[in-house]
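Coordinate analysis (summary)
What follows is the residue order along each chain.
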Amino acid sequence: MTAEEQFNKVDEGEVITGRPFTVTRDTIQAFADASLDYNPLHFDDNYMKNKFGKTSFDGVIMHGMQNFALITRTLTDWLIPRGGFHRRLETRWLKPVQLGHTITPVVTLQSKKKTEKGYWLLFDVEVNNQDGMLVATGNAMAEFIDAIPGMR
Amino acid sequence: MTVLDLDNFETDFWKDVDKRATWDEIIPGELRDTRPVTLSKEVIARYAKGVGEDNPLYFDEDYAKTTIYGGVIAPPSIHILLMFACTTTEDWMRSPGTINAGQNWSYHVPIRPGDTITMRGTALDRFIRKDRLFAVHENTFTNQFGEVVCTGRGQTIRPA
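1. Some remarks on the pairing of strand β3 (residues 99–107) of chain B
Across 5 bridges, the pairing between strand β5 (residues 84–93) of chain A and β3 of chain B is antiparallel. Among the inter-strand pairings, threonine 91 of chain A is bridged to a residue of β3 of chain B, identified as glutamine 103 of chain B. Pairing of β3 of chain B with strand β6 (residues 148–157) of chain B involves 8 bridges; the strand directions are antiparallel. Bridging across to β6 of chain B, isoleucine 99 of chain B finds its partner in isoleucine 157 of chain B.

2. A word on the interface of chain A and chain B
Taken together, the contact pairs 35 residues of chain A with 42 residues of chain B. For the side of chain A that touches chain B, the secondary structure elements donating two or more residues are α2 (25–35), α3 (64–82) and β5 of chain A. Here the side of chain A that touches chain B is built from residues that sort into 17 nonpolar, 10 polar and 8 charged.

3. Quick look at unusual backbone geometry
Residue and element names in this part refer to chain B. One non-glycine residue, aspartate 16, lies in positive phi territory at about 65 degrees. Looking at the element boundaries, aspartate 16 is found in the loop between β1 (2–3) and β2 (37–38). The partly exposed category is assigned to aspartate 16, around which 15 C-beta atoms lie within 10 Å. At aspartate 131, a residue that is not glycine, the phi angle is positive and equals roughly 70 degrees.

4. Re α2 of chain A
Burial in α2 of chain A covers these residues: Ile28, Phe31, Ala34 and Ser35 of chain A. An end-on view of α2 of chain A places all buried positions within 130 degrees of arc, on one side of the element. Exposed side of α2 of chain A, more than 90 degrees from the buried face: Arg25 and Asp26 of chain A are the residues found there. Packed against the buried residues of α2 of chain A are α3 of chain A together with α1 (41–50) and α3 (79–85) of chain B. Looking one or two residues past α2 of chain A, leucine 36 of chain A carries a phi angle of roughly 70 degrees, positive in sign.

5. Describing the packing of α2 of chain A against α1 of chain B
Two numbers describe how α2 of chain A lies on α1 of chain B: the axes approach to 8 Å, and their chain directions differ by 155 degrees. As far as their axial angle goes, α1 of chain B and α2 of chain A are roughly antiparallel. By crossing handedness, the relation of α2 of chain A to α1 of chain B is classed as left-handed. Where α2 of chain A abuts α1 of chain B, its residues Ala30, Phe31, Asp33 and Ala34 of chain A lie against Arg46, Tyr47 and Gly50 of chain B. A class-by-class count of the residues in the contact of α2 of chain A with α1 of chain B yields 4 nonpolar, 1 polar and 2 charged.

6. Overview of α3 of chain A
All names here are of chain A. Between its first and last C-alpha, α3 extends 28 Å over 19 residues, near the 27 Å set by a 1.5 Å rise per residue. The sharpest bend along α3 measures roughly 30 degrees and falls at threonine 76. Backbone geometry just downstream of α3 places glycine 83 in the positive-phi region, at approximately 85 degrees.

Conventions we followed
Residues numbered from 1 in each chain as written. Chains lettered and ligands numbered in written order. Predicted model: local features only at pLDDT ≥ 70, side-chain atom pairs only at ≥ 80, totals over all residues. Pairing = 2+ DSSP bridges. Helix = DSSP H or I, 4+ residues; strand = E, 2+ residues; numbered from the N terminus. Contact = placed C-beta atoms within 7 Å. Nonpolar A, V, L, I, M, F, W, Y, C, P; charged D, E, K, R; others polar. Buried ≥ 20, exposed ≤ 12 C-beta atoms within 10 Å, placed from the backbone. Arc of directions from axis to C-beta. Axes fitted to C-alpha atoms, helices over the stretch in contact; angles between N-to-C directions. Parallel < 35°, antiparallel > 145°, perpendicular 65-115°, else oblique. Left-handed = near helix turned anticlockwise from the far one by under 90°. Expected span 1.5 Å × (residues − 1). Bend = angle between axes of the 7 residues up to and from the residue.

Listed below in structure tokens is the structure:
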């Protein structure tokens, strides 16, 4: 299928719900071992009793980039089978995510855009916690392309 | 060039804490000290597993060869690992209390096993807002062919 044909097969307004993710000390350790981010914010209960400027936390927090990786997975789980190439992700972290919280990314295909050389998809991103509170927002872009960049 | 060895990474982020730039010492525009790393297929597979990326495109060469990618690639988000792998224990992104406020990343050439990735990292900007100390960083990763694999910018709240 050409990029144009793949582009024509997806519809604006489609809502993609990611897999729910529950934070435990084990998931934090696994993410740290994968990402090499061993900041004590994610491990040290005593350290987390401090105030961070005007902010204080109720115990250790999940890595913000864990959220980024979960949003990425939500996008690529949907894109790769459809031939889409993940191009961009922008995120804003609104609330800390803590032990025992369950977060779920929801991505909406907000619009399709044909440019001079590309077939683009524009997504809105929201991540909610178990209480329905928004913990992150963002947007993303993907492209249908006939050849993966850098192929040799 | 160093083949990235995850098992000998310094996990104590308090080490060298006094050698890292604080918010007051961060100079916008200044380059951060980085080193290239080579990513093995084992490191890519371990990253994928650790972040829950279970698409076989990231670890099954036989499957990946049948796709448009022509072989195993790394998950796009592997720049999360690269930022720590390519910097030293003196890099201020390791400072305890560094709080991530948001990121934006663009992806171009997929990373493949055996690629040697070079990071160009800057402190792009710093500011104070709502009594918090912010720094903006920008990281660009290139492969051994000089192609940009991905580039991104983020904001962190710095420990006071």
